[in-house]
Amino acid sequence: AQSVTQPDIHITVSEGASLELRCNYSYGATPYLFWYVQSPGQGLQLLLKYFSGDTLVQGIKGFEAEFKRSQSSFNLRKPSVHWSDAAEYFCAVGDTGTASKLTFGTGTRLQVTL
Amino acid sequence: KAGVTQTPRYLIKTRGQQVTLSCSPISGHRSVSWYQQTPGQGLQFLFEYFSETQRNKGNFPGRFSGRQFSNSRSEMNVSTLELGDSALYLCASSPGRRGPLYGYTFGSGTRLTVV
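Residues numbered from 1 in each chain as written. Chains lettered and ligands numbered in written order. Predicted model: local features only at pLDDT ≥ 70, side-chain atom pairs only at ≥ 80, totals over all residues. Heavy atoms only, no water.

Caption draft 1: Region of the structure containing the packing of aromatic side chains. Inspection of every chain in the model, using the stated rule, returns 17 aromatic pairs over all chains. Through a chain of ring-to-ring contacts, three or more aromatic side chains come together here, namely Tyr32(A), Phe34(A), Tyr36(A), Phe51(A), Phe104(A), Tyr35(B), Phe45(B), Tyr104(B) and Phe106(B). (Phe/Tyr/Trp six-rings, centres within 6.5 Å; stacked < 30°, edge-to-face > 60°.)

Rendered as structure tokens:
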């Protein structure tokens, strides 16, 4: 069964600093990978997704992620964080067998200090 | 284009009662999925419907059920509520048969509190 690990529960960065959120997945086939963001009391918003092709994917709000098959990782990055980026971030892997569900990591809460 | 609409936003129920939550997907989206989100367990998959058929179900007791109507609207029902059912219930829609693999659009959720 597929699984996702987000090793950092909570990260604090200063506004303007760079950001990297880690995600490791376990999946036998070529994974469908996603990053979602959730603001307090809200649903999740899709930031970016990877299916195949270029291993560096660009998303919304200036985020990007790099797929590294050899490390089973799909880390999320942003060169310069804004205070409005404070939220919880979830990495997820798709179940290509049933094509009907995602398995989410436990999330990383990002705090941005001014 | 309207997003995914979940009603109600907040619910307070008593143990033993039952509850029905509603989800209206984005127009044209035929796949509707439900997730339970709690601080302890995170986001857990409940079920997914495509064209009125349940294609997948997560590891939840039979007290959790759902259905999808011909207009793609979906409802989920929880019977005999327990305190542990308190959670944010999220609905997500996606287009097409393999829609979930191309990314969901989530609703804002229904916050259920069982007392």
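Caption draft 2: A look at the sheet that holds strand β7 (residues 64–68) of chain B. Residue and element names in this part refer to chain B. With antiparallel pairing, 4 strands are arranged side by side in an open sheet as β1-β3-β8-β7. The open sheet has two edge strands with one neighbour each: β1 (5–7) and β7. Strand-to-strand, the axes of this sheet are offset by a mean angle of 15°, without reference to chain direction. Inspection of the sheet shows strand β3 (residues 19–24) paired to strand β8 (residues 74–78) by 5 bridges, in the antiparallel sense. (Pairing = 2+ DSSP bridges. Helix = DSSP H or I, 4+ residues; strand = E, 2+ residues; numbered from the N terminus. Axes fitted to C-alpha atoms, helices over the stretch in contact; angles between N-to-C directions.)

Caption draft 3: Fine view of the interface of chain A and chain B. Counting from both sides, the interface comprises 21 residues of chain A and, opposite them, 21 residues of chain B. In this assembly, chain A and chain B are joined by 0 salt bridges. Contributing elements (two or more residues each) for the side of chain A that touches chain B: β5 (33–38), β6 (44–50), β10 (87–94) and β11 (102–104) of chain A. Each residue belonging to the side of chain A that touches chain B can be placed in one class, and the counts come to 10 nonpolar, 8 polar and 3 charged. (Contact = heavy atoms within 4.5 Å. Salt bridge = Lys/Arg side-chain N within 4 Å of Asp/Glu carboxyl O. Nonpolar A, V, L, I, M, F, W, Y, C, P; charged D, E, K, R; others polar.)

Caption draft 4: Representation of the state of the cysteines in the model. Following the criterion strictly, the structure yields 2 disulfides over all chains and no others. At a sulfur-sulfur separation of 1.9 Å, the disulfide partner of Cys23(A) is Cys91(A). In this structure, the disulfide formed by Cys23(A) and Cys91(A) twists by about -65° around the S-S bond and is classed as left-handed. Residue Cys23(A) is located in the loop between β3 (19–21) and β4 (24–26), and its partner Cys91(A) is located in strand β10; the two are separated by 68 residues in the primary sequence. The disulfide partner of Cys23(B) is Cys91(B), and the S-S distance across this bridge is 1.8 Å. Where Cys23(B) bonds to Cys91(B) through sulfur, the torsion about that S-S bond is close to -60°, and the disulfide is left-handed. Here Cys23(B), found in strand β3, pairs with Cys91(B), found in strand β9 (residues 87–94); they are 68 residues apart in sequence, far enough to count as distant. Neither residue differs from the other here; Cys23(B) and Cys91(B) are each classed as buried. (Disulfide = S-S within 2.5 Å. Buried < 20%, exposed > 50% of the residue type's maximum accessible area, 1.4 Å probe, protein only.)

Caption draft 5: Molecular detail of the nonpolar core. Residues Leu19(A), Trp35(A), Leu47(A), Leu48(A), Phe74(A), Leu76(A) and Tyr89(A) are the most contacted members of the largest nonpolar core, which totals 27 residues. Breaking this core down by element, the ones donating at least two residues are β2 (10–14), β3, β5, β6, β8 (64–68), β9 (73–78), β10 and β12 (108–113) of chain A. Tallying contributions element by element places β10(A) first for this core, with 4 residues. In this structure, Val32(B), Tyr49(B), Met76(B) and Leu81(B) belong to the second largest nonpolar core, which totals 21 residues. (Core = buried A, V, L, I, M, F, W, Y, C linked by side-chain atoms within 4.5 Å.)

Caption draft 6: Broad picture of the pattern of salt bridges. Counted by the stated rule, this structure contains 10 salt bridges over all chains. Between Glu48(B) and Arg55(B) there is a salt bridge whose closest N-O contact spans 2.8 Å. For Arg55(B), a relative accessible area of 25% corresponds to the partly exposed category. The closest approach of N and O atoms between Arg63(B) and Glu82(B), which form a salt bridge, is 3.6 Å. Of this pair, Arg63(B) sits in the loop between β6 (53–57) and β7 while Glu82(B) sits in the loop between β8 and β9; the two residues are 19 residues apart in sequence, bridging distant segments of the chain. We classify Arg63(B) as buried; its relative accessible area is 16%. Glu82(B) sits in the partly exposed class, given a relative accessible area of 41%. Here the residues in one salt-bridge network are Glu64(A), Glu66(A) and Arg77(A), joined through shared partners.

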